[in-house]
Amino acid sequence: MTFIGVISDHKSFDNINAYLKKDEIKLININKKSIGNIKNIKFETIIINSDLNNFKQEEYAIEQLCLKSKYLFINTDVNIKFSISPKSKVNIITYGLNQKATVTVSSITETDILIYLQRNIKNAKGKVIEVGEKMININENNKLKTYEILMIYIIFLIYYDTIIKPI
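Residues numbered from 1 in each chain as written. Predicted model: local features only at pLDDT ≥ 70, side-chain atom pairs only at ≥ 80, totals over all residues. Heavy atoms only, no water.

A.B. asks: Hey, could you run me through the overall build of the protein chain in this one?
C.D. replies: Each helix and strand counted, the protein chain has 4 helices and 10 strands in total. Starting at the N terminus and ending at the C terminus, the protein chain contains elements arranged as β-α-β-α-β-α-β-β-β-β-β-β-β-α. A compact globule built from 167 residues should have a C-alpha radius of gyration of about 15 Å, and the protein chain, at 15 Å, falls within 12% of that. Taking the principal axes of the C-alpha coordinates as reference, the protein chain spans close to 40 × 35 × 30 Å. Among the 167 residues that make up the protein chain, the fraction classed as buried is 46%. The long-range fraction of contacts in the protein chain, counting pairs at least 24 apart against all pairs at least 6 apart in sequence, stands at 53%. Of the roughly 9,300 Å² that the protein chain leaves accessible, carbon and sulfur atoms contribute 49%. Within the protein chain, one finds 23 positive and 17 negative side-chain charges whose respective centroids are separated by 7 Å. (Helix = DSSP H or I, 4+ residues; strand = E, 2+ residues; numbered from the N terminus. Rg over C-alpha atoms; globule rule 2.2 N^0.38 Å. Buried < 20%, exposed > 50% of the residue type's maximum accessible area, 1.4 Å probe, protein only. Contact = heavy atoms within 4.5 Å. Areas by Shrake-Rupley, 256 points an atom, 1.4 Å probe, with all protein chains shown as cover. Lys, Arg positive; Asp, Glu negative; His and termini not counted. Charge placed at Lys NZ, Arg CZ, Asp CG, Glu CD.)

A.B. asks: Is there a simple way to explain the packing of aromatic side chains in this structure?
C.D. replies: Geometrically, a pair of aromatic rings is defined through the distance of the ring centres and the angle of the planes. If you walk through the whole model with that rule in mind, you get 4 aromatic pairs. The interplanar angle of 50° and the centroid separation of 5.1 Å between the aromatic rings of Phe-156 and Tyr-160 together place this pair among those described as tilted. With a relative accessible area of 10%, Tyr-160 lands in the buried category. (Phe/Tyr/Trp six-rings, centres within 6.5 Å; stacked < 30°, edge-to-face > 60°.)

What follows is the structure, encoded as C-alpha cells:
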C-alpha cells in the first residue's frame, strides 16, 4: 500500500480522498495534531498544498518527512520556507498557476480544464511521462477546486497507467 501525506486544509483533503478512493493508495492528512503521531511513517509521497506558516514548531518534522519520501508535490502558489537539498533523492514536482510550475493550467472553462505538464517526469513504475497537455472534462456537479484537480492529476500521472476520469 502506498501512503501519501497531504498537508492541506481539511476540506481539500476530504475532496481529494473522496475522488480517489483507491485501495492501493492511502491518503493521510498531515496537520498540527497528527504530525507527532506520523513522524515515523514512511510516506512515498508528500503533498504540500497549504501555507506552512502555521507549522512553525513542526517545520523540522515536516522537512524530515519530505526528505524520506520518494515524491514531493509542492503548490508553488503557497508560502513554503524550507528547502530540500539538491543532493536528496526526492523527486520534486511543482504545481499551480505559476508559469514555472511543472504542472500548470493552460486554460479553464466551465466544462474543461487544460493541464500542461511542462517537464518530463518519471512515474512510480519508472516510465517517463513526457511534456504535453491534457484536457480534463469537468462535470457540472464538480466540487473540486483547481488545485485539487492538479493534485489528483499528478497522482494519476505517478501511480496509474489510466487517464484521469472526468472530474
